[in-house]
Amino acid sequence: MCLLYRLDAASNQIATIFAADPGRDPWPGHYVAPGKFAPVIVQRREGRRLVPRLWGVPPPPRVAAQGGRPVHNVRNLDSPFWVGTLRHTEFRCLVPVTSFMEWGGVKGMRTQHWFVVPSEPAFAFAGIWRDSEVPSFAFLTCDPNSLVGAANDASMPVVLNPWDYDRWLTAEWSEARKLVDPFPSQLMAKTGTPQEAG
C-alpha cells in the first residue's frame, strides 16, 4: 500500500507536462502523505485543470462512526462505496507523481523503497475524487509488477501511460477499467530514498 509519494515539480511545470490549466494552485513541489493537500488533474468541459485536494477520502458514515480512517488507496473496484464514483467520468482524476514509496522487509525492520518512471519527468496514478465532507482524492491500486513486488507483494498504485490519460478521464467505465493493471516493470526503476522526507 502506497502511503507516501513525491511531486517534485511546481504547479506551472505540472500543468505543462499534463497539458492542464494550473489555476491558482500554489504547489511548490514536495512530498505528499495522507492528510495533506496535493494537486490532482480533473477534466472540465474547457479542458484539464489542476486543483488541490486532500489525500484521503472520508469513509462511509457507518464506518466513520466506528473510528474508520480516510481511504487513501482503492483496491475493491466492485465496492458499492466506489462503483458509482468510478462509473462517472467527472469523478476520475490524474494524480501527478515524480516518485512513490513502498515499505519492504519484515515488521520492525522495514525499509523504504522508491520507484520512478525514468522516461517521464512526472507521471500519473489513476485517481478518483470526492466532495463530501472535504475536497478529497484517493488513487487505485492493483497487483504489483515484479519490480515493486520484490519490496511489497501486496499492491502498487495504478500507473498510467501518458497516452492513456484521456482514456482514464473520459472513457466509459467498462473501457477505463482495463487500465487497472500493473505498469510494466521494465519501464520503471528503483531509486534511492529521497534525502528530504518532510
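Details of the structure are given in the entry above.
Residues numbered from 1 in each chain as written. Predicted model: local features only at pLDDT ≥ 70, side-chain atom pairs only at ≥ 80, totals over all residues. Heavy atoms only, no water.

**Re the nonpolar core**
Membership of the largest hydrophobic core comes to 56 residues, with the highest contact counts inside it found for Y5, L94, V95, F100, F125, L140 and W168. The biggest single contributor to this core is strand β9 (residues 123–131), with six residues. Apart from residues no more than four positions distant in its own chain, F125 is found in contact with Y5, C93, L94, V95, V97, F100, F139, P157, V158, V159 and L160. (Core = buried A, V, L, I, M, F, W, Y, C linked by side-chain atoms within 4.5 Å. Buried < 20%, exposed > 50% of the residue type's maximum accessible area, 1.4 Å probe, protein only. Helix = DSSP H or I, 4+ residues; strand = E, 2+ residues; numbered from the N terminus. Contact = heavy atoms within 4.5 Å.)

**Some remarks on the side chain of N152**
By the secondary structure assignment, N152 is in the loop between α4 (146–149) and β11 (156–157). Given the relative accessible area of 9%, N152 is considered buried. Polar contacts involving the side chain of N152 include one to the main-chain carbonyl oxygen of S155, which spans 3.4 Å. If we ignore the near neighbours within four places in the chain, the residues touching N152 are M1, E102, W103 and P144. (Polar contact = N/O pair within 3.5 Å; in protein donor to acceptor, adjacent residues only side chain to side chain.)

**Some remarks on the pairing of strand β4 (residues 47–55)**
The buried fraction of β4 is high, at seven of nine residues. Across eight bridges, strand β3 (residues 37–44) lies against β4 in antiparallel orientation. Paired with V40 across the bridge in β4 is V51. Here β4 pairs with strand β10 (residues 135–142) via two bridges, running parallel. (Pairing = 2+ DSSP bridges.)

**What about the pattern of salt bridges?**
All told, the structure shown has nine salt bridges when counted by the stated rule. Between D78 and R177 there is a salt bridge, with its nearest N and O atoms 3.0 Å apart. Remark: R177 occurs in the loop between α6 (173–176) and β13 (189–191) and D78 occurs in the loop between β5 (73–74) and α3 (80–87); sequence separation between them is 99 residues. Given a relative accessible area of 53%, D78 falls into the exposed group. Note on R177: relative accessible area 33%, which makes it partly exposed. Salt bridges sharing partners connect three or more residues here, namely D164, R167, E175 and K178. (Salt bridge = Lys/Arg side-chain N within 4 Å of Asp/Glu carboxyl O.)

**Re the packing of aromatic side chains**
The final tally for this structure, using the stated rule, is 13 aromatic pairs. On the basis of an interplanar angle of 70° and a centroid distance of 5.9 Å, the ring pair of Y5 and F125 is categorised as edge-to-face. Taken together, the positions of Y5 in strand β1 (residues 5–7) and F125 in strand β9 put the pair 120 residues apart, joining distant regions of the chain. Given a relative accessible area of 0%, Y5 falls into the buried group. The exposure class assigned to F125 is buried, which follows from its relative accessible area of 0%. It is R92 that lies over the ring of W168; its NZ or CZ is 5.4 Å from the centre. (Phe/Tyr/Trp six-rings, centres within 6.5 Å; stacked < 30°, edge-to-face > 60°. Lys NZ or Arg CZ within 6 Å of the ring centre and 35° of its normal.)

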